[in-house]
Protein chains: 2
Amino acid sequence: MGKKVKVIGIGPGTYEMMTMQAAEALKDSTVIAGYNVYVDLVKDHFPGKRFLTTPMRKEEERCRLALEEAAKGEEVAFICSGDAGVYGMAGLLYEMAKDFEGVEIEVIPGITAAVSGAAVLGAPLIHDFAVISLSDLMTPWETILKRVRCAAEGDFGIVLYNPSSHKRHDYLQKACDVLLEVLSPDTVTGTVCNIGREGEEMHIYTLAELRDTPVDMFTTVFIGKSTTRVVNGKMVTPRGYAIERKED
Amino acid sequence: MGKKVKVIGIGPGTYEMMTMQAAEALKDSTVIAGYNVYVDLVKDHFPGKRFLTTPMRKEEERCRLALEEAAKGEEVAFICSGDAGVYGMAGLLYEMAKDFEGVEIEVIPGITAAVSGAAVLGAPLIHDFAVISLSDLMTPWETILKRVRCAAEGDFGIVLYNPSSHKRHDYLQKACDVLLEVLSPDTVTGTVCNIGREGEEMHIYTLAELRDTPVDMFTTVFIGKSTTRVVNGKMVTPRGYAIERKED
């Protein structure tokens with residue numbers, strides 16, 4: 001057995017939404033590392049482990065601690081919310097592992113918010129879609145808006161992560177303004193907050209309504225395609241079968 | 001308990017890559033419906049169930065059978081590979097459920113190939129990405145190529161589903177030609193076939209090499225962003241931390 005950090009996507013938060021492979025890897029570990037909020041979500045299911053947590057914004061420190069423990073021979077499970085490869089720490093761990101000879105990285109996938117949030121709203125994605133984070137901490141805001149525009153021009157289903165924060169309370173509004181230059185104001189949109197956790201809530205809006213709706217940082221936003229409809233209170237994008245049959 | 005069809009994403013195929021929530025829903029069901037290939041993947045883990053399968057291209061029939069069973073009071077689990085809301089049957093079931101009064105749809109999310117394939121390749125997505133199917137069975141080919149172009153112009157990580165079939169052996173090549181109009185021929189790309197199943201294989205290519213590489217229908221293709229690199233044989237997109245620190 002070589003030295004290894006297993007980077008594990010735990011999904012939206014509840015234990016049951018983790019894969020069996022992820023739960024097994026956590027059980028097999030001796031050390032569980034991660035952002036303290038995520039570690040708290042799973043802690044009770046894995047007694048007897050050593051927990052290694054750092055607060056938000058301490059990502060490099062967190063990765064380094066995990067790699068050091070693996071280098072010492074510990075079985076390290078590094079947890080991320082959602083999937084470790086979608087706005088998660090898998091990339092940074094691969095890069096930093098270059099300085100820790102003999103330590104390998106293994107990614108164990110998890111359910112990202114695009115997929116878990118879609119399940120709550122109905123079936124908003126179904127076909128081609130784009131995932132964009134509105135956080136400009138590490139991406140220039142112009143790049144973000146360009147991506148929003150490209151996704152709208154391609155008639156992708158669009159999922160917006162990090163639509164708000166303390167400092168960025170009007171970013172969703174600005175993104176909607178770009179979307180409204182391309183898409184109909186009646187485009188079906190939806191929001192889900194606290195996916196898979198206590199207080200889970202979904203709402204469906206037109207794009208014009210969404211523009212003037214405040215959302216918090218625990219919300220994921222879905223912009224429908226031109227074909228997306230509201231069906232029995234759910235946001236549904238047809239794959240085309242029903243339409244096709246009618247045209248036969 | 002109302003009448004319900006639970007639409008369940010089983011992930012890439014192995015039992016362990018299913019969420020515990022999905023396995024629980026399958027255990028609680030009386031009838032398991034789905035495409036015969038996917039049902040065969042999970043069958044042995046759920047003895048004593050009634051299995052209701054139809055072959056490929058019989059999606060509407062499959063959904064109707066499942067809805068009819070639920071209307072009769074059966075606990076129906078309808079399985080899709082990957083996630084039921086990403087190129088899956090969740091949308092069609094919502095639409096068809098309108099004709100089955102009192103039958104509800106619940107989507108239980110699963111690991112889609114964008115996420116499971118990324119975990120095999122390393123960390124190719126990490127940041128904003130777009131998912132596009134190259135199947136033109138239900139989408140005009142021009143629309144597909146337009147989306148490929150929009151995704152390239154937005155510098156998204158790109159995941160291509162259904163890159164090939166018996167009739168569409170040159171579609172990936174055509175998509176690469178569009179990508180090459182926008183992206184560098186040295187762009188890092190990767191392929192994964194048989195994700196999470198026997199015969200799983202990953203390869204990394206430049207975009208120019210990928211253009212001339214034949215792939216089969218069990219392959220998922222990943223196109224990197226401008227920042228994507230090969231790190232220790234893995235395809236890795238940096239999130240920006242390492243770069244940022246160097247500029248401090």
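Everything below is about the structure printed above this text.
Only a predicted model underlies this, so the values are computations on that prediction, with no experimental measurement involved.

Conventions and cut-offs
- For every chain, the first residue of its written sequence is number 1, and the numbers climb from 1 along that sequence.
- As a convention, the first chain written is A and the first ligand written is 1, with the rest following in written order.
- Residues qualify for local features only when their pLDDT is at least 70, as the model is predicted, and side-chain atom pairs are given and counted only at 80 or more; totals for whole chains, interfaces and linings, by contrast, use all residues.
- As a rule here, side-chain values cover all heavy atoms of the structure and leave hydrogens and water aside.
- Runs of E in the DSSP output that reach at least two residues are strands. Runs of H or I that reach at least four are helices, and both are numbered from the N terminus.
- Radius of gyration means the value over C-alpha atoms here, while the globule rule gives 2.2 Å times the residue count to the 0.38 power.
- Burial classes: relative accessible area under 20% of the type maximum marks a residue as buried, over 50% as exposed, and values in between as partly exposed (1.4 Å probe, protein chains only).
- Throughout, a residue-residue contact means that at least one pair of heavy atoms, one from each residue, lies within 4.5 Å.
- Per-residue accessibility takes into account occlusion by the displayed protein chains alone, with areas from the Shrake-Rupley method and a 1.4 Å probe.
- For the charge count, each Lys or Arg is scored as positive and each Asp or Glu as negative, with His and the chain ends excluded.
- Think of each charge as sitting on NZ of Lys, CZ of Arg, CG of Asp or CD of Glu.
- Summed over both partners, buried area is the accessible surface (1.4 Å probe) that two parts give up on being assembled.
- In the sections that follow, a salt bridge refers to a side-chain nitrogen of Lys or Arg positioned within 4 Å of a carboxyl oxygen of Asp or Glu.
- Contacts described as polar in this section are N or O atom pairs within 3.5 Å, which, within protein, must combine one atom able to donate a hydrogen with one able to accept it, while residues neighboring in sequence count only if both atoms come from side chains.
- Here the nonpolar group is Ala, Val, Leu, Ile, Met, Phe, Trp, Tyr, Cys and Pro; Asp, Glu, Lys and Arg are the charged ones; every other residue, Gly included, is treated as polar.
- At least two DSSP bridges between two strands are required for those strands to pair.
- When the copies are overlaid, the least-squares fit takes in C-alpha atoms only where the residue has pLDDT of at least 70 in both copies.
- With a 1 Å grid laid over protein atoms only, a set of points is called a cavity when a 1.4 Å probe fits there but cannot get out and a pocket when it is open yet has protein on both sides within 12 Å along at least five of seven lines; lining residues have an atom within 4 Å of a point.
- Grid points are joined across faces, edges and corners, and a volume is the space filled by probe spheres set on the points.
- Two rings from Phe, Tyr or Trp (for Trp, the six-membered ring) form a pair when their centres are within 6.5 Å of each other. A pair whose planes differ by under 30 degrees is stacked, one over 60 is edge-to-face, and the rest are tilted.
- Geometrically, a charge over a ring is one whose NZ (Lys) or CZ (Arg) sits within 6 Å of the ring centre while staying within 35 degrees of the ring normal.
- In this analysis, axes come from line fits to C-alpha atoms, helices being fitted only over the stretch in contact, and the angle between any two N-to-C directions falls in the range 0 to 180 degrees.
- As used in this record, nonpolar core signifies buried Ala, Val, Leu, Ile, Met, Phe, Trp, Tyr and Cys residues forming a set joined through side-chain atoms within 4.5 Å.

## Overview of the overall build of chain A
And then number 1: When helices and strands are tallied, chain A shows nine helices and 13 strands.
And then number 2: Here the C-alpha atoms of chain A give a radius of gyration of 20 Å, agreeing with the 18 Å that 2.2 N^0.38 yields for 248 residues.
And then number 3: In chain A, which comprises 248 residues, the proportion classed as buried is 59%.
And then number 4: Taking as baseline every contact in chain A between residues at least 6 positions apart, the subset at least 24 positions apart corresponds to 69%.
And then number 5: Just so you have it, chain A exposes about 10,200 Å², and 48% of that area is on carbon and sulfur atoms.
And then number 6: If the 27 positive side-chain charges of chain A are averaged to one point and the 36 negative ones to another, these points end up 2 Å apart.

## Thoughts on the interface of chain A and chain B
And then number 1: Counting from both sides, the interface comprises 67 residues of chain A and, opposite them, 67 residues of chain B.
And then number 2: Counting each side, the surface lost to burial between chain A and chain B is near 6,000 Å², with a carbon and sulfur contribution of 63%.
And then number 3: Between the two partners, chain A and chain B, sit four salt bridges.
And then number 4: One salt bridge connects R147 of chain A with D155 of chain B, and the closest N-O pair in it is separated by 3.9 Å.
And then number 5: Linking chain A with chain B are 27 residue pairs in polar contact (both at pLDDT 80 or more).
And then number 6: Looking at side-chain class alone, the side of chain A that touches chain B contains 34 nonpolar, 16 polar and 17 charged residues.
And then number 7: Note that strand β7 (residues 129-133) of chain A and strand β7 (residues 129-133) of chain B share three bridges and pair antiparallel.

## Looking at the relation of the copies chain A and chain B
And then number 1: Note on the identical chains: chain A maps onto chain B by a rotation of 180° and an axial translation of 0.0 Å, with an RMSD of 0.0 Å. Both copies are brought into coincidence by an operation consistent with a two-fold rotation axis.
And then number 2: A share of 100% of the interface residues of chain A reappears at the interface of chain B, consistent with the copies meeting face to face through the same patch.

## Here's the deal with empty space enclosed by the protein
And then number 1: Tallying each qualifying case throughout the model produces one cavity of 30 Å³ or more.
And then number 2: Approximately 30 Å³ is the volume found for the largest cavity.
And then number 3: If you trace the largest cavity, you find it lined by D83, G85 and V107 of chain A together with V115, A118, A119, G122, A123 and P124 of chain B.
And then number 4: Those elements giving two or more residues to the lining of the largest cavity turn out to be α5 (113-121) and β6 (122-123) of chain B.
And then number 5: Tallying contributions element by element places α5 of chain B first for the lining of the largest cavity, with three residues.
And then number 6: Residue composition of the lining of the largest cavity, grouped by class: six nonpolar, two polar and one charged.

## What to know about the packing of aromatic side chains
And then number 1: For the coordinates displayed, the defined rule picks out eight aromatic pairs over all chains.
And then number 2: Over the ring of F156 of chain A we find R147 of chain B; its NZ or CZ atom is 5.9 Å from the centre of that ring.

## Details of the sheet that holds strand β5 (residues 103-108) of chain B
All names here are of chain B.
And then number 1: Sheet architecture is open: five strands sit in the order β3-β2-β4-β1-β5, paired in parallel fashion. At either end of the open sheet lies a strand with only one pairing partner, and these are β3 (50-54) and β5. Here the average twist between neighbouring strands, direction ignored, is 20°.
And then number 2: For strand β1 (residues 3-9) and strand β4 (residues 76-80), the ladder comprises five bridges, and the chain directions are parallel.

## Quick word on the nonpolar core
And then number 1: In terms of nonpolar packing, the biggest core is built from 50 residues, with F156 and I223 of chain A together with F156 and I223 of chain B touching the most fellow members.
And then number 2: The biggest single contributor to this core is helix α6 (residues 141-153) of chain A, with seven residues.

Any functional reading would require information beyond the geometric quantities listed.
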